[in-house]
Amino acid sequence: MNKRVSPIGKADGTTFEILAERVKDIHNATSSVAKGAVNQLLTIRNWAIGCYIVEYEQEGCDRAKYGARLLQNLADKLSIKGLDRQLLNACRIFYVKYPQICETASHKLQNIDFLPRKIPFIEKKLRGPICESASRKFETPPELLVTRLSFSHIKEIMPIEDPMERFFYELECIKGTWSVRELHRQIDTKLYFRSGISKKPELLLQRVEKGGADAVLSVKDAYTLDFLDLDAKEAFSETELEQAIMDHLQEFLLEMGKGFCFEARQKRIIIDDEYYFIDLVLYNRLLHCNVIVELKVGKFRIEHAAQLNAYISYFKDCEMVDGDNPPVGILLCTEKGPKMVQYVLNGMDEKLFVSTYKLQLPDRQQLENFLIKEVKEMGL
């Protein structure tokens, strides 16, 4: 087995002072290049900084002296605007999560004519395990990562532990040319899992790529509620489901989509001198309307739609105020027959939707098959 080549140098010759000097050199050199390549070079710079930090943590002869405060001490020593402890930590994570960038980083840094030649990272062609990854099946080519994603994009994706999920967001972000804000929103609303449970994930992603309010505010065909910590195999009541949602309200609102706010639980209304209780009442500030959510623990039945339709009509007559649009109703159930839903909802003027929810993550094999297809279509 070939011995691993350290990009920092000999294990017994690296000190904290040398670490700080090398980080400063790599920063100064990459910061001096033409502005047109700034994003790429910042990504390369951050990967190289992370490389030096990790190598120092593993091989530095005085590393015990700095211990847990290494990053803060390094930031203080450098005194470079922007290179604070948080960014240095992000660089470290970047290097650990993306070892495949090694060769690309080496080549791009060697093309900087005025980069100090005293940095061993440039003078040695990095081979060995550090340039390899466990599997290339779901791995974005390093050149694409560096040229098509900014470090701000990468920072949004890095916290994801599952490599396949990271690959999904890298791929779709490149394909859809998402902004950092859009990428953040898609991660928050679990696009990866929604694609996994969707019968036609390509159509879901097409709607996302089109952007605009319609894509953001559309009611999903299926919702993933794995964060509720309810076992799909065990029996639980609608009250328990509702309480679980209230205990995880922030996650639930994010899963519902953009612009949703909580208004009421078990809202009491009176129709024909009888009390009725609506499970959840939300308000969407983008749609400017109430969204009535009814929860069912079983399969969709005809009477569910009739009940929700009555609630929608009540809100339209009694609860709307100036500036409101007509209310929307969402019935969440575990299973639905598409034909029955079509027949029941046919002819209804109200905005009533029937969606399913899943309490467990989608089948991984389904996601793998979908990603393999995506990779082939992109020619990677």
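Look up: the structure comes first, before these words.
Residues numbered from 1 in each chain as written. Predicted model: local features only at pLDDT ≥ 70, side-chain atom pairs only at ≥ 80, totals over all residues. Heavy atoms only, no water.

Draft legend 1. Main features of the overall build of the protein chain. Assigned secondary structure in the protein chain consists of 18 helices and six strands. When burial is assessed residue by residue, the protein chain has 48% of its 380 residues classed as buried. In the protein chain, once contacts between residues fewer than 6 apart in sequence are set aside, the share between residues at least 24 apart is 70%. Put simply, the protein chain shows about 19600 Å² of open surface, and 49% of that area lies on carbon and sulfur atoms. (Helix = DSSP H or I, 4+ residues; strand = E, 2+ residues; numbered from the N terminus. Buried < 20%, exposed > 50% of the residue type's maximum accessible area, 1.4 Å probe, protein only. Contact = heavy atoms within 4.5 Å. Areas by Shrake-Rupley, 256 points an atom, 1.4 Å probe, with all protein chains shown as cover.)

Draft legend 2. Expanded view of the packing of helix H9 (residues 163-176) against helix H18 (residues 364-378). One can describe the packing of H9 onto H18 by two numbers: an axis separation of 11 Å at closest approach and a directional angle of 35°. At the point where H9 passes H18, the crossing takes the left-handed sense. Here Met 164, Phe 167, Phe 168, Leu 171, Glu 172, Ile 174 and Lys 175 of H9 come into contact with H18, specifically with Arg 364, Leu 367, Glu 368, Phe 370, Leu 371, Glu 374, Val 375 and Met 378. Here the contact of H9 with H18 is built from residues that sort into ten nonpolar, no polar and five charged. (Axes fitted to C-alpha atoms, helices over the stretch in contact; angles between N-to-C directions. Left-handed = near helix turned anticlockwise from the far one by under 90°. Nonpolar A, V, L, I, M, F, W, Y, C, P; charged D, E, K, R; others polar.)

Draft legend 3. The arrangement of the nonpolar core in detail. Among the nonpolar cores identified, the biggest contains 60 residues, and Leu 74, Ile 101 and Tyr 169 are the most heavily contacted of them. If one sorts the elements of this core by residue count, helix H2 (residues 38-59) sits on top with nine residues. For Tyr 169, the contacting residues outside a window of four places in its chain are Ile 157, Ile 160, Trp 178, Leu 183, Gln 186, Ile 187, Lys 190, Leu 191 and Tyr 192. Core analysis: the next-biggest nonpolar cluster, separate from the first, contains 24 residues, Tyr 223, Leu 228, Leu 280 and Leu 332 among them. (Core = buried A, V, L, I, M, F, W, Y, C linked by side-chain atoms within 4.5 Å.)

Draft legend 4. Representation of the packing of aromatic side chains within the structure. All told, the structure shown has seven aromatic pairs when counted by the stated rule. Residues Phe 16 and Tyr 56 carry aromatic rings whose centres are separated by 6.5 Å and whose planes lie at 65° to one another, so their mutual orientation is edge-to-face. Taken as a pair, Phe 16 in helix H1 (residues 16-31) and Tyr 56 in helix H2 lie far apart in primary sequence, 40 residues in all. Taken individually, Phe 16 and Tyr 56 each receive the classification buried, so the pair is uniform in this respect. Geometrically, the ring pair formed by Phe 168 and Tyr 192 is edge-to-face, given 5.4 Å between the ring centres and 65° between the ring planes. Within this pair, whereas Phe 168 is found in helix H9, its partner Tyr 192 is found in helix H11 (residues 191-197), the two being separated by 24 residues in sequence. (Phe/Tyr/Trp six-rings, centres within 6.5 Å; stacked < 30°, edge-to-face > 60°.)

Draft legend 5. Summary view of helix H16 (residues 302-318). Taking 1.5 Å of rise per residue, 17 residues should cover 24 Å, and H16 covers 25 Å from first to last C-alpha, within 8% of that figure. Close packing links the buried residues of H16 with strand E2 (260-271), strand E3 (274-284), strand E4 (289-295), strand E5 (328-333), helix H17 (338-345) and strand E6 (351-358). (Expected span 1.5 Å × (residues − 1).)

Draft legend 6. Highlighting the sheet that holds E4. Read from one edge of the open sheet, six strands run E1-E6-E5-E4-E3-E2, paired in mixed fashion. Sheet topology places strand E1 (222-224) and E2 at the edges, where each strand pairs with a single neighbour. Across this sheet, the average inter-strand angle for adjacent strands is 35°, counted without regard to direction. Where E2 meets E3, ten bridges bridge the pair, whose relative direction is antiparallel. For Ile 269, the partnering residue across the bridge sits in E3 and is Tyr 276. Sheet strands touched by helix H15 (residues 249-256): E1, E2, E3, E4 and E5. Its angle to E2, the strand with the most contacts, is close to 95°. Lying over the sheet, H16 contacts E2, E3, E4, E5 and E6, oriented at roughly 155° with respect to E4. (Pairing = 2+ DSSP bridges.)

Draft legend 7. Spatial organisation of the packing of helix H3 (residues 70-78) against helix H4 (residues 85-97). One way to put it is that H3 packs onto H4 with a least axis distance of 8 Å and a crossing angle of 120°. Looking at the two axes, H3 sits oblique to H4. H4 is crossed by H3, and the crossing has right-handed handedness. Within the contact between the two elements, H3 uses Leu 71, Gln 72, Leu 74 and Ala 75 and H4 uses Arg 85, Leu 88 and Asn 89. Residues belonging to the contact of H3 with H4 are distributed by class as follows: four nonpolar, two polar and one charged. (Parallel < 35°, antiparallel > 145°, perpendicular 65-115°, else oblique.)

Draft legend 8. Local environment of unusual backbone geometry. Here the phi dihedral of Gln 266 falls at roughly 50°; this positive angle occurs in a residue that is not glycine. With respect to the helices and strands, Gln 266 occurs in strand E2. You will see that His 288, though not glycine, has its phi angle at about 55°, which is positive. Looking at the secondary structure, you find His 288 in the loop between E3 and E4. The exposure class assigned to His 288 is partly exposed, which follows from its relative accessible area of 39%.

Draft legend 9. A nonpolar patch on the surface, seen in detail. Together, Ile 270, Tyr 275 and Phe 277 make up an exposed nonpolar region whose accessible area comes to about 320 Å². As for its position among the elements, Ile 270 is in strand E2. Residue classification places Ile 270 among the partly exposed residues on the basis of a relative accessible area of 45%. (Patch = residues over 30% accessible without salt bridge, like charges linked within 9 Å, V, L, I, M, F, W, Y side chains within 5 Å. Salt bridge = Lys/Arg side-chain N within 4 Å of Asp/Glu carboxyl O.)

Draft legend 10. Just the pairing of E4, in detail. Most of E4 sits inside the fold, with seven of its seven residues counted as buried. Pairing of E3 with E4, which is carried by five bridges, proceeds in the antiparallel orientation. Bridging across to E4, Leu 282 finds its partner in Val 291. What sits between E3 and E4 in their antiparallel hairpin is a turn of four residues, with His 288 showing a positive phi close to 55°.

Draft legend 11. Representation of H15 in the model. Turning to H15, its buried residues are Phe 252, Leu 253, Glu 255 and Met 256. Summarising the axial view, the buried residues of H15 lie within an arc of 160°, below the 170-degree limit, and thus occupy one face. Once H15 finishes, Gly 257 follows within two positions and takes phi at roughly 130°, a positive value. (Arc of directions from axis to C-beta.)

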